[in-house]
Amino acid sequence: MAAPTVLPLFRSDIGAKMTTDFSYQLRETLVHLEGVSKSYDGTPILRDVNLEIKNLVRPDCLQGQVVALLGPSGMGKTTLFRILAGLETPDSGQVLMGGEQKTVRSGQVGVVAQHYPLFAHRTVLGNLAVAGKQIGLKGSAARDKAADLLERFGLTEHSDKYPAQLSGGQRQRAAIAQQFMCSDAFLLMDEPFSGLDILAQETLIRFIHDIVSKDELMTFILITHDISAALQIADTVWVLGRDRNESGNPLPGARVQASFNLIERGLAWHEDIAALPEFGILRQEIRELFPRL
Amino acid sequence: MNTESTVMASDTAPANGSPTLVPATHSSAALKVGDRTPKPSEGLLSLFLPNRHVAFPLLILVGLVEAALFLALWVLSPYDVLPTPLEVLSALGRLWMTQGLGQELATSFGLNLQALLWSSLISLGLAYLTVLPVFRPLVTAISKGRFLSLAGFTFIFTLMVGGGRPLQVTLLTFAITVFYVTSMASVIAAIPRSEFEHARTLRMSEGRIVWEVVILGTADKAFEVLRQNAAMGWMMLSLIEGIVRSGGGIGAMLLAESKHFALAEVFAIQLVILIVGMVQDYSIEWLRRLCCPYSVLTLERK
């Protein structure tokens, strides 16, 4: 692993406290996958997946974190997404979540699936309000929180629109905002960069960076096959893939094959990360890993 | 081909390798690719080309032309047995003024409305109850009632509710319900898993999910199912009023006129049913758009 790099001061225009201190601590475990395996119709999809996400703390900073689970198509990423979301139970192993490390259940983690789910029969504001009700927010409290989120996510002028009237980017932000109404610690996103053009990808990266840099308790877990996008936003990358037998044929069932600490490589909390030479080197490293998975 | 939009990269690529900005004419030309708006040159030909957007006034005009063609075919029909439009209008006046067509129409409208309300209550209730596995076999069994003849139920329903109007209401409610419940149960069965899961990720209880996803989420489709079954109600009405003539109604009148080969009167009654049915159809559609405005937002033809 590369030695930690001291990075020059950068101007944050997205709300992070300006600092030259890139030291950090990893404290208690927030998410823990212990030997998670899952099969469908006898075919192993995931096999003994182990990973641990710890609470990352930066001195004098409101810094959350972004973890990316990378893998080529067909590696069980969506299955892992569903298990992490508490929508699916693993055949063996367990997923422990939060400070108390309890088995994950649906609703504990904010979830934004690939198609940015929203209730089609409710307006954007209605979608947020109905989510607020689930955590006991009533009347003006729900409206205030919804209005705050709409403003924060640049959706105020679209509050009376139905999901079908939103653009892809607006819909994605609305779906995130809805999840934030009732879950503000973990947000799990499945293929968030899929189908977005380069500008929309950059907007989303800035958007996630903005949220994470303002909330030390926020943990984004991105499940994606997009190496470049993941490296631009993540602090830690886990790569999912299959083992191979002696003949070089893939064995069924994916597990975590590699992990990369981007902070240690000087590729986190940094503007224009993609322009750094280290970025290209790491991207190529992971790119070369993919065909072997 | 438009020369403005066919500039090859090699034509414009500068020798120094710097990027070439494509002129604005290219962008606008590219935007038209795949657009379904007809070209001006297509004119009325666009009416015969698939998936073309046609202006509403033009569609109205086409409808009027087609109606005129139908009328002309009717007037010029070689079949002497067919009454002429004038004969039908004359019969309509006669039926309305002297034979109580308006009264019978009101009776039938009331019957259809009553049966529709009952069948909506029963069908929607049963369809929503399919969220409980214990009700699924029952709903499946009821939907199989579509294959049964109403004549076979007349006697048993007579014993249960007596004759006349209650029997008509029961028969029509049964006839509509077996189709209504089938359609609505299919709508609910077709809700994607992702919609349930989305609600679960928002910490909704399963009861709340039924309200949000199953009931509210399918409200627009429920209107459409209602519309179709309300129309079927009119279709079955004449049969039921024919079976139970003591309850009266426009269907009984239709069968009586048909028995006497009074085709002008038969056509007149059919015309009245058609007009009332169309008004009912448009009313339900209007109600759907009013209550569920989101239902038409993504349609190609709104």
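Our subject is the structure listed above.
Residues numbered from 1 in each chain as written. Chains lettered and ligands numbered in written order. Predicted model: local features only at pLDDT ≥ 70, side-chain atom pairs only at ≥ 80, totals over all residues. Heavy atoms only, no water.

**Considerations on the overall build of chain A**
1) Next: Counting its secondary structure elements, chain A contains seven helices and 10 strands.
2) Next: Evaluated residue by residue, chain A yields a buried proportion of 55% over its 293 residues.
3) Next: Looking at chain A alone, contacts between residues at least 24 apart form 72% of all its contacts between residues at least 6 apart.
4) Next: Total accessible area on chain A stands at roughly 12,700 Å², and carbon and sulfur atoms take up 49% of it. (Helix = DSSP H or I, 4+ residues; strand = E, 2+ residues; numbered from the N terminus. Buried < 20%, exposed > 50% of the residue type's maximum accessible area, 1.4 Å probe, protein only. Contact = heavy atoms within 4.5 Å. Areas by Shrake-Rupley, 256 points an atom, 1.4 Å probe, with all protein chains shown as cover.)

**What about the overall build of chain B?**
1) Next: Counting its secondary structure elements, chain B contains 13 helices and zero strands.
2) Next: Starting at the N terminus and ending at the C terminus, chain B contains elements arranged as α-α-α-α-α-α-α-α-α-α-α-α-α.
3) Next: A buried classification covers 36% of the 302 residues belonging to chain B.
4) Next: Excluding contacts between residues fewer than 6 apart, the proportion of contacts in chain B whose partners are at least 24 apart in sequence is 67%.
5) Next: Accessible surface, chain B as shown: approximately 18,100 Å² in total, 69% of it carbon and sulfur.

**Brief notes about the packing of aromatic side chains**
1) Next: This model, assessed by the stated rule, comprises 10 aromatic pairs over all chains.
2) Next: Note on Phe157(B) and Phe174(B): the rings are 5.8 Å apart at their centroids and 65 degrees apart in plane angle, and the pair reads as edge-to-face. Of this pair, Phe157(B) sits in helix α7 (residues 151-161) while Phe174(B) sits in helix α8 (residues 164-189), and the two are 17 residues apart along the sequence. No difference in accessibility class separates Phe157(B) from Phe174(B), as the two residues are buried.
3) Next: An aromatic cluster of at least three residues, connected via ring pairs, comprises Phe153(A), Phe180(A), Phe207(A) and Phe220(A). (Phe/Tyr/Trp six-rings, centres within 6.5 Å; stacked < 30°, edge-to-face > 60°.)

**Let's talk about the interface of chain B and chain A**
Quoted interface sizes are often the accessible area lost when the parts come together.
1) Next: Between chain B and chain A, the residue contacts involve 20 residues of the former and 24 residues of the latter.
2) Next: Summed over both partners, the interface of chain B with chain A buries about 1,900 Å², with 61% contributed by carbon and sulfur atoms.
3) Next: For the pair chain B and chain A, the interface holds two salt bridges.
4) Next: We note a salt bridge from Glu212(B) to Arg122(A), for which the minimum N-O separation is 2.5 Å.
5) Next: Here chain B and chain A share eight residue pairs in polar contact (both at pLDDT 80 or more) between them.
6) Next: At the level of elements, α9 (193-201) and α10 (206-216) of chain B are the ones that each hand at least two residues to the side of chain B that touches chain A.
7) Next: Here the side of chain B that touches chain A gets seven residues from one element, more than from any other, and that element is α9(B). (Buried area = accessible area lost by both parts, 1.4 Å probe. Salt bridge = Lys/Arg side-chain N within 4 Å of Asp/Glu carboxyl O. Polar contact = N/O pair within 3.5 Å; in protein donor to acceptor, adjacent residues only side chain to side chain.)

**Observations regarding the state of the cysteines**
Residue and element names in this part refer to chain B.
1) Next: In the structure shown here, the tally under the stated rule is zero disulfides over all chains.
2) Next: With no disulfide of its own, cysteine 292 lies 5.8 Å from the sulfur of cysteine 291, the closest cysteine sulfur.
3) Next: Residue cysteine 292 is classed as buried on the basis of its relative accessible area of 3%. (Disulfide = S-S within 2.5 Å.)

**A word on the packing of helix α5 (residues 101-129) of chain B against helix α12 (residues 250-259) of chain B**
All names here are of chain B.
1) Next: The interhelical angle for the contact between α5 and α12, taken along N-to-C directions, is 130 degrees, at an axis separation of 7 Å. Between α5 and α12, the angle is such that the two are oblique. Together, Leu101, Glu104, Leu105 and Ser108 of α5 and Ile250, Gly251 and Met253 of α12 make up the contact between the two elements.
2) Next: When its residues are assigned to classes, the contact of α5 with α12 shows four nonpolar, two polar and one charged. (Axes fitted to C-alpha atoms, helices over the stretch in contact; angles between N-to-C directions. Parallel < 35°, antiparallel > 145°, perpendicular 65-115°, else oblique. Nonpolar A, V, L, I, M, F, W, Y, C, P; charged D, E, K, R; others polar.)

**Quick notes on unusual backbone geometry**
All names here are of chain A.
1) Next: Of note in the backbone geometry, aspartate 41 takes a positive phi value of approximately 50 degrees without being a glycine.
2) Next: Mapped onto the elements of the fold, aspartate 41 is located in the loop between β1 (25-40) and β2 (43-57).
3) Next: Judged by its relative accessible area of 84%, aspartate 41 is exposed.
4) Next: With a phi angle near 50 degrees, tyrosine 116 is a residue other than glycine that sits in the positive phi range.
5) Next: One can find tyrosine 116 in the loop between β6 (110-112) and α2 (124-133).

**What to know about the nonpolar core**
1) Next: Grouped together as the largest cluster of nonpolar side chains are 113 residues, with contacts concentrated most on Phe220(A), Val237(A), Val239(A) and Ile286(A).
2) Next: For this core, the element with the most residues is α8(B), which contributes 12 residues.
3) Next: Once residues within four sequence positions are removed from consideration, Phe220(A) is found in contact with Gln65(A), Val66(A), Val67(A), Phe180(A), Leu187(A), Met189(A), Ile208(A), Ile211(A) and Val212(A). (Core = buried A, V, L, I, M, F, W, Y, C linked by side-chain atoms within 4.5 Å.)

**Quick word on α10(B)**
1) Next: All buried positions along α10(B) are accounted for by Ile209(B), Glu212(B), Val213(B) and Val214(B). One face of α10(B) carries all of its buried residues, which in axial projection span an arc of 160 degrees.
2) Next: In the core, the buried residues of α10(B) are packed alongside α2 of chain A together with α5, α8 and α9 of chain B. (Arc of directions from axis to C-beta.)

**Observations regarding the side chain of Ser119(B)**
Residue and element names in this part refer to chain B.
1) Next: As for its position among the elements, serine 119 is in helix α5.
2) Next: In terms of polar contacts, serine 119 uses its side chain to reach the backbone carbonyl oxygen of leucine 116, at 3.1 Å.
3) Next: Aside from chain neighbours lying at most four places away, what touches serine 119 is Leu124, Thr173, Ile176, Thr177 and Tyr180.

**Details of the pairing of strand β10 (residues 250-261) of chain A**
1) Next: In terms of strand pairing, strand β9 (residues 236-244) of chain A meets β10(A) through eight bridges, oriented antiparallel. For Arg244(A), the partnering residue across the bridge sits in β10(A) and is Pro250(A). (Pairing = 2+ DSSP bridges.)

**A word on the packing of α2(A) against helix α3 (residues 139-152) of chain A**
Residues and elements named next belong to chain A.
1) Next: Closest axis-to-axis distance for the α2/α3 pair is 9 Å, and the angle between their directions is 130 degrees. In terms of axis orientation, α2 runs oblique to α3. Crossing handedness for the pair α2 and α3: right-handed. Touching Val124, Leu125 and Leu128 of α2 are Ala146, Leu149 and Leu150, all from α3.
2) Next: In terms of residue class, the contact of α2 with α3 is built from six nonpolar, no polar and no charged. (Left-handed = near helix turned anticlockwise from the far one by under 90°.)

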